[in-house]
Amino acid sequence: MTPDLMEQGAQRLQKIAPVLPQGQTESGGREAGFGRVHTPGEVDITHGRILYLEDVNVSFDGFKAINNLSLDIAPGELRCIIGPNGAGKTTMMDIITGKTRPDSGTVFFGSTINLLDHREADIAQLGIGRKFQKPTVFEHLTVFENLELALKTNKGVAASMLFRLDSTQSDRLAEVLHTIHLAGSVTRQAGLLSHGQKQWLEIGMLLMQDPKLLLLDEPVAGMTDDETARTAELFLTLKGKHSLMVVEHDMGFIRTISDIVTVLCDGSVLAQGTLDQVQADERVIEVYLGR
Ligand code: ADP
Ligand code: MG
């Protein structure tokens, strides 16, 4: 791997994966080692919420994309978010991850971390991993190298070149490979994977950092039926260990994985309940399912 690529990788990982700043331990001290498996600092979930949004508003040039949005997610929950195009689903994720700053409202990670006090890179480090719609793996690197790269923090080129996995990290990597159904493709170049496999690999890269909360935006778009079914299986194994917020249009997929479904429309919550409950809701039928 070239130094350029390393630098590029480190920069990208700062954006996509929760990592600790250089030499920083969870207790706030310094340590010499790098590249270890990072367990994000504890998040206070004593109030039964991993994520809490209240009365959040965002306007773009006078257009209200998010309108008094309130929503909370329990620890270990897999929450599905549905809603028509333009409902504000991606913008909501932009707000949670610090990409977009709301005009007003409250956004908390656990009971004590005010996300509006943090920048995008810090929010990733706090333990919030985000998967964008398009897969963005390193195509010319192998599956193994992509996952390995996800462990490397922003250490500069020289340190990254000397990086070696320790046994805990190797175990973690093996576990993630198995979870994402890529144990048989370790040495395969990522560019040669199918679209679905690339998506799994990127989820694997997020998992290497052991995020508390994972935000996934249309993860099965473009997947084959078989890949979609395997992704549902994957998400069900993640539930409980991580909290997940999954935005999807594929109702079959939602039916397989969902407990509570939140319907977003015009920037706020229109309905919430089981998929059957929201699908029977007249307002939901009108704005979305009946189109
Ligand atoms: P969804 O993901 O539910 O389809 P989005 O969150 O992408 O919806 O968009 C919600 C609305 O906000 C849309 O009308 C979109 O055009 C608008 N919007 C989103 N981001 C921006 C932006 N950066 N500038 C202007 N308008 C935006
Ligand atoms: Mg979107």
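Residues numbered from 1 in each chain as written. Chains lettered and ligands numbered in written order. Predicted model: local features only at pLDDT ≥ 70, side-chain atom pairs only at ≥ 80, totals over all residues. Heavy atoms only, no water.

Engineer: What am I meant to see in the overall build of the protein here?
Structural biologist: Each helix and strand in the protein was counted, giving 11 helices and 10 strands. The buried share among the 291 residues of the protein stands at 52%. Taking the contacts inside the protein whose residues are at least 6 apart along the sequence as the reference set, 69% of them involve residues at least 24 apart. Only carbon and sulfur atoms are counted for the fraction: they give 49% of the accessible area of the protein, which is about 12700 Å². (Helix = DSSP H or I, 4+ residues; strand = E, 2+ residues; numbered from the N terminus. Buried < 20%, exposed > 50% of the residue type's maximum accessible area, 1.4 Å probe, protein only. Contact = heavy atoms within 4.5 Å. Areas by Shrake-Rupley, 256 points an atom, 1.4 Å probe, with all protein chains shown as cover.)

Engineer: Got a minute to help me understand the sheet that holds strand β10 (residues 268-273) in this structure?
Structural biologist: In a beta sheet, neighbouring strands pair by backbone hydrogen bonds and run either parallel or antiparallel. A sheet is described by the order of its strands in space; here 6 strands give the open sequence β6-β7-β8-β3-β9-β10, paired in mixed fashion. Bordering the open sheet on either side are β6 (128-131) and β10, each of which pairs with just one other strand. Across the sheet, the axes of successive neighbouring strands diverge by a mean angle of 20°, strand direction being ignored. For strand β7 (residues 213-217) and strand β8 (residues 243-247), the ladder comprises 5 bridges, and the chain directions are parallel. When the sheet's bridge partners are listed, L213 is paired in β8 with S243. Relative to the sheet, helix α8 (residues 225-238) contacts β3 (78-82), β7 and β8, its axis offset from that of β8 by approximately 150°. (Pairing = 2+ DSSP bridges. Axes fitted to C-alpha atoms, helices over the stretch in contact; angles between N-to-C directions.)

Engineer: Sorry, what's going on with the packing of aromatic side chains here?
Structural biologist: Both the distance between ring centres and the angle between the ring planes are used here to describe each pair of aromatic rings. Counted under the stated rule, the structure contains 1 aromatic pair. Taking the centre distance of 5.7 Å and the plane angle of 70° together, the rings of F235 and F253 count as edge-to-face. Of the two residues, F235 is situated in helix α8 and F253 in helix α9 (residues 251-257); the sequence distance between them amounts to 18 residues. F253 carries the same exposure label as F235, and that label is buried. (Phe/Tyr/Trp six-rings, centres within 6.5 Å; stacked < 30°, edge-to-face > 60°.)

Engineer: Please clarify how unusual backbone geometry should be interpreted in this entry.
Structural biologist: Apart from glycine, the bulk of residues carry a negative phi angle, and the bulk of peptide bonds sit in the trans form. Phi is positive for D210, close to 50°, though the residue is something other than glycine. Residue placement: D210 occurs in the loop between α7 (195-207) and β7. Residue classification places D210 among the partly exposed positions, given a relative accessible area of 26%. With a phi close to 50°, E218 is a non-glycine residue in the positive phi region. When its relative accessible area of 14% is taken as the criterion, E218 is described as buried.

Engineer: Hey, could you run me through the pattern of salt bridges in this one?
Structural biologist: In a structure, side chains of opposite charge can pair up when their charged atoms sit close to one another. Under the criterion given, the structure shown has 10 salt bridges. For the salt bridge of R172 with D210, the shortest nitrogen-to-oxygen distance reads 3.8 Å. You can see R172 sitting in helix α6 (residues 167-179) and its partner D210 sitting in the loop between α7 and β7, a full 38 residues away along the chain. Taking the relative accessible area as the measure of exposure, R172 reaches 13% and is therefore buried. One salt bridge connects R283 with D281, and the closest N-O pair in it is separated by 2.8 Å. According to the relative accessible area criterion, R283 is partly exposed, its value standing at 44%. One network of salt bridges, with partners in common, ties together R172, E175 and D210. (Salt bridge = Lys/Arg side-chain N within 4 Å of Asp/Glu carboxyl O.)

Engineer: Can you walk me through the environment of I123 in this structure?
Structural biologist: Relative to the elements of secondary structure, I123 occurs in helix α3 (residues 120-126). Once the C-alpha coordinates of I123 and I96 are considered, the two residues, 27 residues apart in sequence, prove to be 8.4 Å apart. Once residues lying within four places of it in the same chain are set aside, the contact partners of I123 are I96, T97, G98, L115, H118 and I128.

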